[in-house]
Amino acid sequence: MDIGDSVIEVSGLRRRYGPEGEKGFEAVRGVSFTVGRGELFALLGTNGAGKTSTVELLEGLARPTGGQVRVLGHDPYADRAAVRPRTGVMLQEGGFPSDLTVAETVRMWAGITTGARPADEALGMVRLADRRDVRVKQLSGGEKRRLDLALALLGRPEVLFLDEPTTGLDPEARHMTWELVRALRAEGTTVLLTTHYLEEAEALADRVAIMRAGEIVTAGAPGEVIGSYPSRIRFAMPVGWFVGDLPPLAELGVTRHEEQNGRIELQTHELQRTLTGLLLWAREKDVELEGLDARTASLEEAFLAIAGESSRESAATAAGRAA
């Protein structure tokens, strides 16, 4: 996919809550990235990593403490009138009048949306057309999320901000949402996504950035981020055979191994080489590696590794203060 000119540009972005010093808190600490036209960019991180604070600055809901943000060439806070009609925003939780029907809610929102698409078209996109006459308070949690998405799409946005868009959706509705997002991206819509579903980011995103303690610690295409973490091979040795009977692990490209409850795990950055050597050895010795399972690292494993580093750093900082 060819990514065109940048429509989101973030440079040295900072956001601080409260006064300077220990009484304040810096939630975003010098974040920089760009998002190209027609790109889906996923911003990931644990709770408190700074994702929401960053996205709120991009949406123009607050002024940065430092650094610069440009969306469609404008400051989204100072030039809100120029930016807002060209963007769609799906927050983590909508606040709709509960006694209005679904159709009434969409028509109300359309009344304050520039160039709004027809209500029935928006509801059809998220498969809520058959619920148009149902009151909002009677919708399920997942249906309310789909209504949130319909309203975000009303103005045919050039840039779409999706904050945890599939929370509360069943698997079928989640995959429907994925297909809709893919279709919007194919039409040229730029999407910035935050999600706690790592498989969602891995399936949809052109690029991801993982935040920790207000900073981006790794970014790139999902494959690039995953590629820096080892693949794993797991199996059980036959009775009477031991790890020491395997060929020298270093020669197989193994960087680390563990043995627990009779199962062996090998970690490697050269999965094909390691697995080939292991299988050739098993064939030569005429042994079966029971429960053999080989797989590359996942985005979830990369995320958890970064989150684990954050936890260790926090514990070390707390210990230092206590001392």
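Above this note sits the structure.
Cut-off values and rules
- Residues numbered from 1 in each chain as written.
- Predicted model: local features only at pLDDT ≥ 70, side-chain atom pairs only at ≥ 80, totals over all residues.
- Heavy atoms only, no water.
- Salt bridge = Lys/Arg side-chain N within 4 Å of Asp/Glu carboxyl O.
- Helix = DSSP H or I, 4+ residues; strand = E, 2+ residues; numbered from the N terminus.
- Buried < 20%, exposed > 50% of the residue type's maximum accessible area, 1.4 Å probe, protein only.
- Polar contact = N/O pair within 3.5 Å; in protein donor to acceptor, adjacent residues only side chain to side chain.
- Core = buried A, V, L, I, M, F, W, Y, C linked by side-chain atoms within 4.5 Å.
- Contact = heavy atoms within 4.5 Å.
- Expected span 1.5 Å × (residues − 1).
- Arc of directions from axis to C-beta.
- Phe/Tyr/Trp six-rings, centres within 6.5 Å; stacked < 30°, edge-to-face > 60°.
- Pairing = 2+ DSSP bridges.

## Some thoughts on the pattern of salt bridges
Any two side chains of opposite charge can pair, on the condition that their charged atoms come close.
1) Next: Overall, the coordinates contain 22 salt bridges when judged by the stated rule.
2) Next: With a shortest N-O distance of 2.9 Å, Lys 137 and Asp 99 are connected by a salt bridge. Residue Lys 137 is found in the loop between helix H4 (119–125) and helix H5 (141–152), and its partner Asp 99 is found in the loop between strand E5 (87–90) and helix H3 (102–110); the two are separated by 38 residues along the sequence.
3) Next: The closest approach of N and O atoms between Asp 148 and Arg 145, which form a salt bridge, is 2.8 Å. Here Arg 145 and Asp 148 lie together in helix H5, a separation of three residues that amounts to about one turn. In this structure, Asp 148 and Arg 145 share a single accessibility class: buried.
4) Next: Each of Asp 5, Arg 37, Arg 86 and Glu 158 takes part in salt bridges that share partners, so that together they form one network.

## Quick notes on the side chain of Glu 39
1) Next: By the element assignment, Glu 39 lies in the loop between strand E2 (25–36) and strand E3 (40–45).
2) Next: On the basis of relative accessible area, Glu 39 is assigned to the buried category, the value being 3%.
3) Next: Within the structure, Glu 39 has its side chain in polar contact with the side chain of Arg 207 (distance 2.5 Å).

## Concerning the nonpolar core
1) Next: Among the nonpolar cores identified, the biggest contains 44 residues, and Leu 44, Leu 147, Leu 162, Val 208 and Leu 299 are the most heavily contacted of them.
2) Next: Broken down by element, this core gets its largest block of residues, five residues, from H5.
3) Next: Apart from residues lying up to four places away in sequence, Leu 162 is in contact with Met 90, Leu 149, Val 181, Val 191, Leu 192, Leu 193 and Thr 194.

## Quick word on the side chain of Glu 143
1) Next: Tracing the sequence through the fold places Glu 143 in helix H5.
2) Next: There is a polar contact of 2.9 Å between the side chain of Glu 143 and the backbone nitrogen of Ser 140.
3) Next: Beyond its immediate sequence surroundings of up to four residues, Glu 143 is in contact with Leu 128 and Arg 131.

## Examining the environment of Pro 85
1) Next: Structurally, Pro 85 is set in the loop between helix H2 (80–83) and E5.
2) Next: Sequence separation of Pro 85 and Arg 156 is 71 residues, and the distance between their C-alpha atoms is 9.1 Å.
3) Next: In contact with Pro 85, not counting residues within four places along its chain, are Arg 80, Thr 114 and Gly 155.

## Some details on helix H9 (residues 271–285)
1) Next: Helix length check: H9, at 15 residues, gives a terminal C-alpha distance of 21 Å against a target of 21 Å (1.5 Å per residue), a fit within 8%.
2) Next: Within H9, the full set of buried residues consists of Leu 271, Thr 274, Gly 277, Leu 278, Trp 281 and Ala 282. On an axial view of H9, the arc spanned by its buried residues comes to 150°, and they lie on one face. For H9, the exposed residues set more than 90 degrees away from the buried face come down to Gln 272, Arg 283 and Glu 284.
3) Next: Where the residues of H9 are buried, they touch strand E10 (231–236), strand E11 (254–260), strand E12 (263–268) and strand E13 (290–295).
4) Next: Trailing H9 by a residue or two, Asp 286 shows a phi angle of about 60°, which is positive.

## Some thoughts on the packing of aromatic side chains
1) Next: Counted under the stated rule, the structure contains two aromatic pairs.
2) Next: Measuring from centroid to centroid gives 4.9 Å for Phe 33 and Phe 41, while their planes differ by 10°, and the two rings are stacked.
3) Next: The exposure class assigned to Phe 33 is buried, which follows from its relative accessible area of 8%.
4) Next: Relative to Trp 281, the ring of Trp 241 lies with its centre 5.7 Å away and its plane at 85°, an arrangement referred to as edge-to-face.

## A few points about the pairing of strand E9 (residues 215–220)
1) Next: Sheet topology places strand E8 (residues 207–212) next to E9; five bridges connect them, and they run antiparallel. Note on E9: the bridge partner recorded for Val 208 is Gly 220.
2) Next: In textbook terms, the turn of a hairpin is the stretch between consecutive antiparallel strands, and for E8 and E9 this stretch comprises two residues, one of which, Ala 213, has a positive phi near 50°.

Just distances and angles here, no functional claims.
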